[in-house]
Amino acid sequence: TANHKLRSEEERFYMTCRAAYLSVFRSSLVNMTSKDQLCSVLQQAGRNPSQKALDKYWPPGTKKLNFDDFCEILKKEKTAEPDQLMRIFKKFDTNCDGYISHDELSRILTSSGEKMSPKEVDEVFSLADVNKDGKLDYAEFCRLLESTVEQCQTAALEKLEADAKLKRQNFGNQLDNSPQSLESQPELPASEIQPRTEPETTQRKGCFYLEEDGTIVSLQYRLIIPETTSIYLTIRPLNLSPIPDKPSPWMCVDTALYVVTGNETKEDSNLVCFTELRDKERFLWRGELSAGSYLLLPFTTGCRLMKRTRKTATKTAQLVNRTQSGELELTKEFKAALSDIFEVIDLDGSGLLSLEEYNFFEQRTSGEKCDEDAWAICKENFDTRKNELTRQGFLELNLMEANDREGDPRDLWLTLEAMGYNRSLEMVEACPFATLQAVHLDSGIKMLNSAVQRSITSKAEARSLKGHENVLVYTYKGESRISSVIANKSNQKVTVHINNEQSKNCVSSRGMSVFAVEVPPRTKMVCQHVMALNEQQEWTYSCVETIIPSL
């Protein structure tokens, strides 16, 4: 039908926009902050904007543009058609022989339109002079340009489609002592949340989120112990299903809590303990902690969280409707999803959102924070109690967002995707959990990775690989998972081939049975985490590690 065709065209356009944007930025939630960034993203989408066009889209005083702005710009900025370029070239082909000399091209490009420097002309000619005969075959150049544009767009779309695979490959590949890898890890800004009651009697909630680059982020937690105390720590997936016999699908996701000492700069942290014991879906630790301040770092191997992300949306849900009077309203399905989101970000379970809790949601979905003035406006316009936002007020706020966009759901979808939802309104890239008090929204890559590595190496026997006594493998076997660390004590990089093909009923955090891991010199690296694919059936772990000889 015509409507279906129109919708398909819109979806293709949206995919093109997203693919181009993610070729430059790690997330569609990241804002463009310069004209050069806008130019790069437009070029990735197959456009060649003039300086005049860039100045129009980025007028003086502009500080940032978002993904939505980019989509609108891309609608206006048309691709250069090869036939149009051919007509322009033919105008300047005085000999009508299909060629333009270097001198003719230089005269055109340095004297008309957006003038280029002689050096820039030389660079263009060097690329375009395929035969290296000092003449430009402009028909061939147009074909080359068209092919390059298509290749850029195809590569961007292929990269977008391969993201899920990249996530599975990259997880667990952060290094223990590599500054370069640490600098490349995306981190969300910290959001301080003050504890309201004593930690040993308080439950807090949080959520694991799977980012587009494979990083898993969550809240961090602070535990203050005034004197030596017996402690009972637990963490478990949070069931949001209202149906008793049908729990939330993420209840199978494994969770753990690592307790470390150290400051929040992630330097000089020491692993104290982690929730190693298991009781159904709950992981726990009992013991005694000395007086002091501790950071609690939630962790999941990603085996089952990543496996769930492979579920694609069967259809796109509708978010808003218009009533008979023409007013917008949220659909029942969208309200249910927003209610679950409210449940997740209501960290203390009070049934109300404080400014700190709401800012967790804002940071996650827009990368920004709501200040006191903006919060005061929220309280004036939406349902509140005790100066905090109610569930109804949260729904009203999202309805206002829909009205601001006149029913256009694109911004609403960006919010839902940031919170882990697919287009069928299923939470597939997130796992809510329940534990203690939150102090940070942060990926905490270095500190958590270090804690995971130490938990493995402190409890596992090291064995060297055959013929390589300086390359050690530590394999930890817990109640529900098997984890391994590779330690390269040599002064050369090594590549280790991993083969799990003889394992039965297993799933690896790498998302594949056979892969290779590069380990830099004098470095430890998490190799993989392995769990049962089906916990109701017997599972067997068998892994063969071999060194791939360097060329």
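The model shown is predicted, which means the values in this text are computed figures rather than measured ones.

Participant: How do you make sense of the overall build of the protein chain when you look at a structure like this?
Facilitator: Of the regular secondary structure elements, the protein chain holds 17 helices and 24 strands. In the protein chain, buried positions account for 46% of the 551 residues. Of the contacts formed within the protein chain by residues at least 6 apart in sequence, a portion of 69% connects residues at least 24 apart. Counting only carbon and sulfur atoms, one obtains 48% of the accessible surface of the protein chain, whose full area is about 28,300 Å².

Participant: Please clarify how the sheet that holds strand E20 (residues 494-499) should be interpreted in this entry.
Facilitator: Strand pairing in a sheet takes place through backbone hydrogen bonds and is either antiparallel or parallel in direction. Spatial strand order, E22-E20-E24: 3 strands in an open sheet with antiparallel pairing. Of all the strands in the sheet, just strand E22 (514-519) and strand E24 (544-548) have a single pairing partner and so form its edges. For this sheet, the mean angle separating the axes of adjacent strands, direction not counted, is 25°. With 5 bridges connecting them, E20 and E24 associate as antiparallel partners. For Asn499, the partnering residue across the bridge sits in E24 and is Val544.

Participant: Quick question: what am I supposed to make of the packing of aromatic side chains here?
Facilitator: Geometry of an aromatic ring pair is reported as the spacing of the ring centres plus the angle between the planes. As enumerated under the stated definition, the model contains 14 aromatic pairs in all. Relative to Phe67, the ring of Tyr21 has its centre 5.2 Å away and its plane inclined at 80°; by these criteria the two rings are edge-to-face. Here Phe67 lies in helix H4 (residues 67-76) and Tyr21 lies in helix H1 (residues 2-24), a separation of 46 residues in the sequence. Arranged with centres 5.8 Å apart and planes meeting at 45°, the rings of Tyr358 and Phe361 form a pair that is tilted. Residue Tyr358 and its partner Phe361 are located together in helix H13 (residues 355-366), separated by 3 residues, close to a single helical turn. According to the relative accessible area criterion, Tyr358 is buried, its value standing at 4%. Using a relative accessible area of 4% as the deciding quantity, one classes Phe361 as buried.

Participant: What's the story with empty space enclosed by the protein in this structure? I'm lost.
Facilitator: Gaps between atoms show up when a probe of the same size as a water molecule is rolled over them. A complete count under the given rule lists 3 cavities of 30 Å³ or more for this structure. Reported here for the second largest cavity is a volume of approximately 90 Å³. Lining the second largest cavity, in full, are Asp254, Thr255, Ala256, Phe274, Thr275, Glu276, Phe283, Tyr476, Gly478, Glu479, Ser480 and Arg481.

Participant: What is the right way to read the pairing of strand E10 (residues 292-299) from this model?
Facilitator: Put simply, side chains in a regular strand alternate between the two faces of the sheet. With 6 of 8 residues buried, E10 is to be regarded as a mostly interior element. Pairing of strand E4 (residues 216-225) with E10, which is carried by 5 bridges, proceeds in the antiparallel orientation. Each bridged residue has a counterpart across the sheet, and for Tyr221 the counterpart in E10 is Leu296. Alignment of strand E6 (residues 256-261) against E10, held across 5 bridges, turns out to be antiparallel. For Leu257, the partnering residue across the bridge sits in E10 and is Pro298.

Participant: Could you clarify how one ought to interpret the side chain of Asp346 in this entry?
Facilitator: Checked against the element boundaries, Asp346 lands in the loop between helix H12 (332-345) and H13. The buried charged residue Asp346 lacks any salt bridge, with Lys205 as its nearest oppositely charged partner at 4.2 Å. A distance of 3.3 Å separates a polar atom in the side chain of Asp346 from the backbone nitrogen of Ser350.

Participant: Just to check I follow, could you spell out unusual backbone geometry for this structure?
Facilitator: Among all residues except glycine, the phi angle is most often negative; among peptide bonds, the trans geometry is most common. Phi is positive for Asn387, close to 65°, though the residue is something other than glycine. Mapped onto the fold, Asn387 is located in the loop between strand E13 (384-385) and strand E14 (388-389). Positive phi is not limited to glycine here, since Asn505 has a value of about 55°. With respect to the helices and strands, the residue Asn505 is situated in the loop between E20 and strand E21 (506-508).

Participant: Can you help me understand the sheet that holds strand E17 (residues 462-465) in this one?
Facilitator: Reading across the sheet, the 5 strands line up as E17-E18-E19-E23-E21 and stay open at both edges, with antiparallel pairing between neighbours. Both edges of this open sheet fall to E17 and E21, since each of them pairs with a single strand only. Within the sheet, the average angular offset between the axes of one strand and its neighbour, ignoring direction, is 30°. The pairing of E17 with strand E18 (residues 468-477) spans 4 bridges and is classified as antiparallel. Bridged to Leu465 within E18 is His468.

Participant: What's the story with helix H16 (residues 410-418) in this structure? I'm lost.
Facilitator: One full turn of an α-helix is made of 3.6 residues, so residues set three or four places apart face in the same direction. Taken across its 9 residues, H16 has 7 buried, putting it largely inside the fold. Listing the buried residues of H16 in full gives Asp411, Leu412, Trp413, Leu414, Thr415, Leu416 and Ala418. Positive backbone phi, at 95°, marks Gly420, one or two positions downstream of H16.

Participant: Is there a simple way to think about a negative patch on the surface in this case?
Facilitator: Together, Glu356, Asp371, Glu372 and Asp373 make up a negatively charged patch on the protein surface. With respect to the helices and strands, Glu356 occurs in helix H13.

Participant: Can you walk me through the packing of H4 against H16 in this structure?
Facilitator: Two measures define how a pair of helices packs: the angle their axes make with one another and the distance between the axes. Direction vectors running N to C along H4 and H16 enclose 135°, while the axes themselves pass 10 Å from each other. As summarised for this structure, H4 and H16 are arranged oblique, according to the angle between their axes. For the pair H4 and H16, the sense of crossing is right-handed. The segment H4 lies against H16, with Phe67, Asp68, Cys71, Glu72 and Lys75 engaging Arg410, Asp411 and Leu414.

Participant: Whenever I open this one, the environment of Pro409 confuses me. Can you help?
Facilitator: Summarising the element assignment, Pro409 is placed in the loop between helix H15 (391-404) and H16. Note on Pro409: relative accessible area 30%, which makes it partly exposed. Between the C-alpha atoms of Pro409 and Val320, which are 89 residues apart in sequence, the distance is 7.6 Å.

Participant: What exactly am I supposed to notice about the pattern of salt bridges here?
Facilitator: Should their charged atoms come close, side chains of opposite charge can pair. Here the structure, examined in full by the defined rule, presents 16 salt bridges. The partner of Arg405 in a salt bridge is Asp411, and the shortest N-O contact between them spans 2.8 Å. On the basis of relative accessible area, Arg405 is assigned to the partly exposed category, the value being 38%.

Participant: For this particular structure, what's the right way to read the confidence of the model for the protein chain?
Facilitator: It should be kept in mind that the predicted coordinates are not to be read in detail where pLDDT is low. Looking at the protein chain as a whole, the pLDDT averages 79, with 77% of positions reaching at least 70. Note on residues 164-201: pLDDT is under 50 here. Beyond four places in sequence and across chains, it has 101 contacts. Across residues 437-443, where pLDDT falls below 50, the model places 49 contacts with residues more than four positions away in sequence or in other chains.

Basis of the calculations
- Residues numbered from 1 in each chain as written.
- Predicted model: local features only at pLDDT ≥ 70, side-chain atom pairs only at ≥ 80, totals over all residues.
- Heavy atoms only, no water.
- Helix = DSSP H or I, 4+ residues; strand = E, 2+ residues; numbered from the N terminus.
- Buried < 20%, exposed > 50% of the residue type's maximum accessible area, 1.4 Å probe, protein only.
- Contact = heavy atoms within 4.5 Å.
- Areas by Shrake-Rupley, 256 points an atom, 1.4 Å probe, with all protein chains shown as cover.
- Pairing = 2+ DSSP bridges.
- Axes fitted to C-alpha atoms, helices over the stretch in contact; angles between N-to-C directions.
- Phe/Tyr/Trp six-rings, centres within 6.5 Å; stacked < 30°, edge-to-face > 60°.
- 1 Å grid on protein atoms, 1.4 Å probe; cavity = no way out; pocket = protein on both sides within 12 Å on 5 of 7 lines; lining within 4 Å.
- Points joined across faces, edges and corners; volume = space filled by probe spheres on them.
- Lys, Arg positive; Asp, Glu negative; His and termini not counted.
- Salt bridge = Lys/Arg side-chain N within 4 Å of Asp/Glu carboxyl O.
- Polar contact = N/O pair within 3.5 Å; in protein donor to acceptor, adjacent residues only side chain to side chain.
- Patch = residues over 30% accessible without salt bridge, like charges linked within 9 Å, V, L, I, M, F, W, Y side chains within 5 Å.
- Charge placed at Lys NZ, Arg CZ, Asp CG, Glu CD.
- Parallel < 35°, antiparallel > 145°, perpendicular 65-115°, else oblique.
- Left-handed = near helix turned anticlockwise from the far one by under 90°.
- pLDDT = per-residue confidence, 0-100.

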